[in-house]
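# Coordinate inspection notes
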Amino acid sequence: MKGHALKIIMMKKIFLIFIFLGFVVAKSQDTTKNSYFPQLRGIVKTKVEYDLDNDLMRFAVRNARFGVKGKINNYFSYYVQVDLSDEGKIKMLDAYATYEPLSNFSISLGQMKIPFSTDYIRNPAETFFANRSFVAKYINQGLRDIGVVAAYKTNLIIPIEAFAGLFNGSGNNNPQWKAKPNYNFRLILGDSENGFSIKGNFYGGDTENETNLNIWGGEVCYLNKNFLIESELIYRNWKDSIVHKESGAYVHTYYKFPINSKKLKYISPSARYDLMGENVIKHIDTDERLTVGLNFGFEQKLFAAEIRLNYENYFIHTLPIHTDKLTIEFVARF
């Protein structure tokens, strides 16, 4: 209990430091455009949910993230981020420095999200649904760790991005000694920001509760200025006393309809079908869900200031925590 109280005090101090830095940055940016000044970043997601199966409702602060990003010089940069309400818990999320000796090659060292699965890598504002996919929440859980990642980009016939990393395998802010680090690879073929792309991911090693852990998956995506459609399939297996197998998949889409209004900038309908289970291809012991939503944007940039309306229908479910829901969510990103 004492350790938990000390942790809360430390996080509060970090939060106050971020607020102070934000004030300094704001004042500094009034007089200069120096690109080396720190940039304060944050995400606030709040929501009200109605449980249709049990006639219950609740209010929640899903995320309250604050981060500082900046450059020391043309070769070194840094990023630090904490969440004051990650499902009700205070967490240090990211703390890493990046060395970029070449314009298309970089090395990052510290705590970060392991480059695996686009939907998992997205920050809470960019998910465009009130609740994360099964893949991001369950199948890829534990993929934030301390380690090193090398990233390379090139543009030959098509754009190519490649990532390779080594990690402790012990999770958030837990620098344990290990004889053999865990490892991961990620490859992106095509333009992931505008056009068609395919992606492959692999992660392997041991964690505190899993031995011979292997996670692999593939993705396909088409994205342009106003439209996205994306699908992903992931398999995860490991051993403790027995062999375990999990898998997950989704397909989701949205379309942005620009609105010529002083206040409202766009309306974006969205839809997602996702499932998880022992074998999602054969539908063995699966949970399956359909989510439909309508996002109202109050800034031109997507996900910066939105009100989201979501309906979730679990038409096949084996876990009692899954209930049909209506959700209204406010999102503010700065």
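To be clear, the structure that these remarks concern was listed above.
Counting of residues starts from 1 at the beginning of each chain's written sequence and follows it residue by residue. With pLDDT at 70 or above as the cut-off, local features in this predicted model cover only qualifying residues; side-chain atom pairs require 80 or more to be listed or tallied, and sums for whole chains, interfaces and linings still use all residues. For side-chain calculations, the full set of non-hydrogen atoms in the structure is used, while hydrogens and water are omitted.

### Things to note about a nonpolar patch on the surface
On the surface, a cluster of nonpolar side chains totalling about 1000 Å² of accessible area is made up of L156, I157, I158, L187, L189, F196, I198, V220, Y222, I229 and V251. Mapped onto the nonpolar patch, the elements with two or more residues apiece are β8 (182-190), β9 (195-205) and β10 (211-223). Position of I229 relative to the elements: it lies in strand β11 (residues 227-239). Look at I229 and you get partly exposed, because its relative accessible area is 38%. To count toward a patch, a residue needs a relative accessible area over 30% and no salt bridge; like charges are then connected within 9 Å, while nonpolar side chains (Val, Leu, Ile, Met, Phe, Trp, Tyr) are connected within 5 Å. The Shrake-Rupley method, run with a 1.4 Å probe sphere, supplies the accessible areas, and residue values consider only the shown protein chains as cover. Salt bridges are defined as contacts in which a side-chain nitrogen from Lys or Arg sits within 4 Å of a carboxyl oxygen from Asp or Glu. By definition, any uninterrupted DSSP run of H or I lasting at least four residues is a helix, any uninterrupted run of E lasting at least two residues is a strand, and each is numbered from the N terminus. Three labels apply to residues, based on accessible area from a 1.4 Å probe with only protein chains included: buried if under 20% of the type maximum, exposed if over 50%, partly exposed otherwise in between.

### Comments concerning the pattern of salt bridges
Across all of its chains, the model carries 15 salt bridges by this definition. Residues K47 and E49 are paired through a salt bridge, measuring 3.5 Å at the closest nitrogen-oxygen approach. The pair formed by K47 and E49 is uniform in burial state, with each residue classed as buried. For D274, the salt bridge goes to R272, with nearest N and O atoms at 4.0 Å.

### Details of the nonpolar core
Residues belong to a common nonpolar core when they are buried Ala, Val, Leu, Ile, Met, Phe, Trp, Tyr or Cys residues joined through side-chain atoms within 4.5 Å. One finds I114, F116, L143, Y203, I215 and I234 to be the most contacted residues of the largest nonpolar core, which totals 18 residues. Counting residues per element, this core draws most heavily on helix α3 (residues 134-139), which supplies three residues. Working rule for contacts: check all heavy atoms of both residues, and any pair within 4.5 Å makes them a contact. Each residue touching Y203, except ones within four places of it in the same chain, is listed here: I114, F116, L143, D145, G169, N182, Y183, N184, L213, N214 and I215. Formed by 12 residues, the second largest nonpolar core is a distinct cluster that contains A125, F128, L228 and F303.

### Observations concerning the packing of aromatic side chains
When we look at a pair of aromatic rings, we describe it by the centre distance and by the angle of the planes. Two aromatic rings from Phe, Tyr or Trp, using only the six-membered ring of Trp, form a pair when their centres are within 6.5 Å; if the ring planes differ by under 30 degrees the pair is stacked, by over 60 it is edge-to-face, and anything between is tilted. Scanning the model with the defined rule gives 16 aromatic pairs in all. Measuring from ring centre to ring centre gives 6.3 Å for Y222 and F227, while their planes differ by 45°; the resulting arrangement is tilted. F227 gets classed as partly exposed once you look at its relative accessible area, which sits at 25%. Where Y273 meets F315, the ring centres are 6.0 Å apart and the plane angle is 10°; that geometry is what we call stacked. One end of the pair, Y273, is in strand β14 (residues 266-277); the other, F315, is in strand β16 (residues 305-316), and 42 residues separate them in sequence. Y273 gets classed as partly exposed once you look at its relative accessible area, which sits at 26%. Judged by relative accessible area, F315 falls into the partly exposed class, the value being 44%. By the ring-pair criterion, three or more aromatic residues cluster together here, those being F128, F129, Y254 and F303. Only Lys NZ and Arg CZ are tested; either one counts as a charge over a ring when it is within 6 Å of the ring centre and within 35 degrees of the ring normal. The residue whose ring lies beneath K113 is Y120, and the NZ or CZ to ring-centre distance is 4.4 Å.

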